[in-house]
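# Survey of secondary and tertiary structure
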Amino acid sequence: MISMLTDQAGRLFGDLIDRDLLAGAEAGKAPAALADAVEAFGLADALTVPAEDGGLSFADAGTLFALLGYHAVPLPIGETMLARMLLARTGINAPDGDIALGDRSVGSTSAAAHVLLREAGQLLLLPAATQEVSSISRAPRWAIDANVEPVANAAWPADMPDALTLGAMLRASQIAGGVARALQMTIDYANERKQFGKPIGRFQAIQQQLAALAAEAAAARSAADAAWAALDGGSLGLMAAVAKIRAGQAARLACAIAHQVHGAIGVTDEHMLHYITRRLWEWRTDFGTDAHWATLLGRAAREAEQGLWHFITAGCPATQKIEEPA
């Protein structure tokens, strides 16, 4: 089922998303045709049916989230999928339109009609603010209005991590997809660009860089997939932190390698590469930076009852639980 769904979604995104659409979205032109196609496809509601009732598992969703990153989809589809899943589990009817996941500590969200927060154990659905803030990706970002009244609220589902954690896992998968896209673009360019009479991809120095980039793509995807599988198993533990940290590291190295191989052409406005790498840079900082999650992971390691070595080799990550600082 998931392979058929990803094939269809991949074709949809591949047909509709190009450099011109992304540039228009960054300039404030809403991608209406893409939004209509996604709505007709029904992707936003893909997680509202639990896996045990025939719906998608979280591991399946992680595959779709990576696809969103691969195509740099300029809509908060992943956030809307997770938000509608949470609303369905609390019995609240989801409103029409996109829903962003938010956290007061983050301060801003993807542009959407509504934003979903978790505060003091409560799920809050708020009408989204329209005050725009700057972003590395140039994609529209809206500030979270602390004073707006919620349009719905309920107890946060007890079996679900908070919005910050879910958002971090989503971004880890999107980063994995984006790194895979950067890898493919860099391989293609290395096979096309010639120097001294042969493609630069035949030079050992370039091959080493491509190998390093491929390793980062594999590591990011493995870490993200492991986190979603752990959530399916009911023992997420530290996997969200591991996934976000490892994906962030992959994004940093992948952007550097891709731009080194492409040279100056990769940053020109006409080229597609920077539409991927700018999003990778932004996704690194969304829903907690590497430093935020590394601090929580380090604290858990320091406080491990059986010592650091046991924590690394046997106790981490699925059996441990991250506790936010008071």
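A brief structural summary. Here the residue index of a chain counts from 1 through its sequence in written order. Given that the model is predicted, a residue must reach a pLDDT of at least 70 before its local features are reported, and side-chain atom pairs must reach 80 or more before they are shown or counted; all residues, however, enter totals for whole chains, interfaces and linings. By convention in this description, side-chain values take in all heavy atoms of the structure and omit both hydrogens and water.

Numbering goes from the N terminus for both helices and strands, where a helix is a DSSP run of H or I of at least four residues and a strand is a run of E of at least two. With respect to the helices and strands, the residue L56 is situated in the loop between helix 3 (32-41) and helix 4 (58-70). Spatially, the C-alpha atom of L56 lies 32 Å from that of T186, the residues being 130 residues apart in sequence.

Right, let's get into unusual backbone geometry. At A120, a residue that is not glycine, the phi angle is positive and equals roughly 50°. Tracing the sequence through the fold places A120 in the loop between strand 3 (114-119) and strand 4 (122-127). Even without being a glycine, F196 presents a positive backbone phi close to 55°. Tracing the sequence through the fold places F196 in the loop between strand 8 (194-195) and strand 9 (198-199). The class for F196 is exposed, based on a relative accessible area of 73%. When accessible area is computed with a 1.4 Å probe and restricted to protein chains, residues below 20% of their type maximum are described as buried, those above 50% as exposed, and intermediate ones as partly exposed.

This part is about the packing of aromatic side chains. In this analysis, rings of Phe, Tyr and Trp, with Trp reduced to its six-membered ring, are considered paired at centre separations within 6.5 Å, and the interplanar angle assigns stacked below 30 degrees, edge-to-face beyond 60, and tilted for intermediate values. The final tally for this structure, using the stated rule, is three aromatic pairs. Both rings, one in F65 and one in W228, keep their centres 5.3 Å apart while their planes meet at 55°; by these two values the pair is tilted. Taken as a pair, F65 in helix 4 and W228 in helix 7 (residues 204-232) lie far apart in primary sequence, 163 residues in all. You'll find F65 and W228 in the same group, each marked buried. Through pairs of rings, three or more aromatic residues link up here, namely F58, F65 and W228. Above the ring of Y275, the side-chain terminus of R278 is found at 5.0 Å from the ring centroid. For a Lys NZ or an Arg CZ to count as sitting over a ring, it must be within 6 Å of the ring centre and within 35 degrees of the ring normal.

None of the figures reported here should be taken as evidence of function without further support.
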